[in-house]
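Take a look at the letters that make up each chain.
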Amino acid sequence: MNSKPANLTFKLVLLGDGRVGKTSLVLRYVNNVFSEKREATVQASYLTKRLVIEGVPITLAIWDTAGQERFHALGPIYYRDADAALLVYDIMDSDSFTRVRNWVKELQQMASKPIIMAIAANKSDLVRSKKFDLQDAESYATSIGARLFVTSAKLGTGIEEVFLDIATRALQKKKESAESFSPTPPRKGMLLVDDEPEKEPQMKCCS
Ligand SMILES: Nc1nc2c(ncn2[C@@H]2O[C@H](COP(=O)(O)OP(=O)(O)O)[C@@H](O)[C@H]2O)c(=O)[nH]1
Ligand SMILES: [Mg+2]
C-alpha cells in the first residue's frame, strides 16, 4: 500500500508576560532570525512549522500573542482547541516566572481539553554565573507535568529541543488516544451480535 500517513496539525499557544521573548522564540524557531530591537508591536501572530517525528509528518500551528498579554486579555479564541502551550519567562526576571503560574491557571480554566505544556526559561545568554539556580522552576515544571528548557532566542539555543519535546508528546498523546478509541467500535458491534441470538429464541418461546 502506498497510502501516506495523514498530516497531523497541533495547535500550540505561546504564553507569558510581555517582553519575555515569546515572539523572538517563535521567529528564531520558524525563520531562524533574531532582532535585539524587536518592537512591542512586532507580531508573529500565527506561524507554522513542519517537522517529521518517527516518520510522521507533523505541522505545528504556533499562535503568538499580539501583545494583549500586557492587559491579561487573551480571550477564549486564543486557547480554543489548543493541544499544547509553551510558557515563557525571562530567566533574569523572577516576577515573570511567578506569573507563569498564573498563566498555567488561566490555561487550565480556558482550555477545552488537557494540554501539553513546556516551560522556556529564556534569555539564558544574559546569565553570567554558570551555577544559576533553576531548582524552583524545575520542580514547578515537574508538578504540572511539564519539562523546563533553558533557551536563548538570541543565540538560538534550546529552541529546537523545546518545540520537539512538545511535538513529540503531542504525537504520543494522539497515538495513545487512537489506540484507546479504535478497539471500542468493533467490540460494541460484537456485543450487539452476541446479544441478538439470546433474545430471539426467548421471544419465540414466550409468545
Ligand atoms: N538577550 C536576549 N534578549 C532577548 C531574547 N529573546 C528576546 N529578547 C529581547 O527581549 C525583547 C522582547 O522580546 P519579544 O520577543 O518581543 O518578547 P514578547 O513580548 O514576549 O513577544 C526584545 O528586545 C528582544 O530582542 C534572548 O534570548 N536574549
Ligand atoms: Mg510578542
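What counts and what doesn't
Residues numbered from 1 in each chain as written. Chains lettered and ligands numbered in written order. Predicted model: local features only at pLDDT ≥ 70, side-chain atom pairs only at ≥ 80, totals over all residues. Helix = DSSP H or I, 4+ residues; strand = E, 2+ residues; numbered from the N terminus. Buried ≥ 20, exposed ≤ 12 C-beta atoms within 10 Å, placed from the backbone. Near = placed C-beta within 6 Å. Nonpolar A, V, L, I, M, F, W, Y, C, P; charged D, E, K, R; others polar. Pairing = 2+ DSSP bridges. Axes fitted to C-alpha atoms, helices over the stretch in contact; angles between N-to-C directions. Contact = placed C-beta atoms within 7 Å. Core = buried A, V, L, I, M, F, W, Y, C linked by C-beta atoms within 7 Å. Expected span 1.5 Å × (residues − 1).

Colleague: Explanation requested: the overall build of the protein chain in the structure shown.
Modeller: Within the protein chain one finds six helices and six strands. Written out in order from the N terminus, the α and β elements of the protein chain read β-α-β-β-α-β-α-β-α-β-α-α. The 207 residues of the protein chain split such that 32% are buried.

Colleague: It is not clear to me how the site of ligand 1 should be interpreted in this structure. Could you clarify?
Modeller: As a structural note, the neighbourhood of ligand 1 is formed by 18 residues, with Gly21, Lys22, Thr23, Ser24 and Lys154 the closest of them. Class assignment of the residues belonging to the shell around ligand 1 gives a composition of three nonpolar, eight polar and seven charged.

Colleague: What exactly am I supposed to notice about the sheet that holds strand E2 (residues 46-53) here?
Modeller: Strand order in the open sheet formed by six strands is E2-E3-E1-E4-E5-E6, and the pairing between neighbours is mixed. Sheet topology places E2 and strand E6 (147-150) at the edges, where each strand pairs with a single neighbour. Direction aside, the axes of adjacent strands within the sheet are offset by 25° on average. Where strand E5 (residues 116-122) meets E6, four bridges bridge the pair, whose relative direction is parallel.

Colleague: Where do I start with helix H1 (residues 22-31) in this structure?
Modeller: Residues spaced three or four apart along an α-helix face the same direction, because each turn holds 3.6 residues. Counting buried positions over the ten residues of H1 gives eight, a clear majority of the element. Inspection of H1 places Lys22, Thr23, Ser24, Leu25, Val26, Leu27, Arg28 and Tyr29 among the buried residues, and these make up the whole buried set. Following H1 by one or two positions, asparagine 32 has its phi on the positive side, about 55°.

Colleague: What is the right way to look at the environment of alanine 167 in this model?
Modeller: Positionally, alanine 167 belongs in helix H5 (residues 159-181). Along the chain, alanine 167 and lysine 11 lie 156 residues apart, while their C-alpha atoms are 9.8 Å from each other. When neighbours within four sequence positions are excluded, alanine 167 is seen to be in contact with Phe10, Leu51, Ile53, Ile58 and Leu60.

Colleague: Please clarify how the nonpolar core should be interpreted in this entry.
Modeller: With 46 residues, the main nonpolar core has Leu12, Ala84, Ala85, Leu86, Leu87 and Ile166 as its most contacted residues. Secondary-structure elements contributing two or more residues to this core are strand E1 (8-15), H1, strand E3 (56-63), helix H2 (75-79), strand E4 (84-90), helix H3 (94-110), E5 and H5. Here leucine 12 is in contact with Leu60, Ala61, Ile62, Trp63, Asp83, Ala84, Ala85, Leu86 and Ile166, once residues within four sequence places are set aside.

Colleague: What's the story with unusual backbone geometry in this structure? I'm lost.
Modeller: Peptide bonds are, in most cases, trans, and in most cases residues other than glycine have a negative phi. If you check the backbone angles, glutamate 54 has positive phi at about 50° while not being a glycine. Residue lysine 123 is not a glycine yet carries a positive backbone phi of 70°. With respect to the helices, strands and loops of the structure, lysine 123 is situated in the loop between E5 and helix H4 (135-143). On the basis of neighbour count, lysine 123 is assigned to the buried category, with 24 C-beta atoms found within 10 Å.

Colleague: Hey, could you run me through H3 in this one?
Modeller: In this model, H3 (17 residues) spans 25 Å end to end at C-alpha, consistent with the 24 Å of a helix rising 1.5 Å per residue. Turning to H3, its buried residues are Ser96, Phe97, Val100, Trp103, Val104 and Leu107. Contacts from the buried residues of H3 go to E1, H2, E4, E5 and H4.

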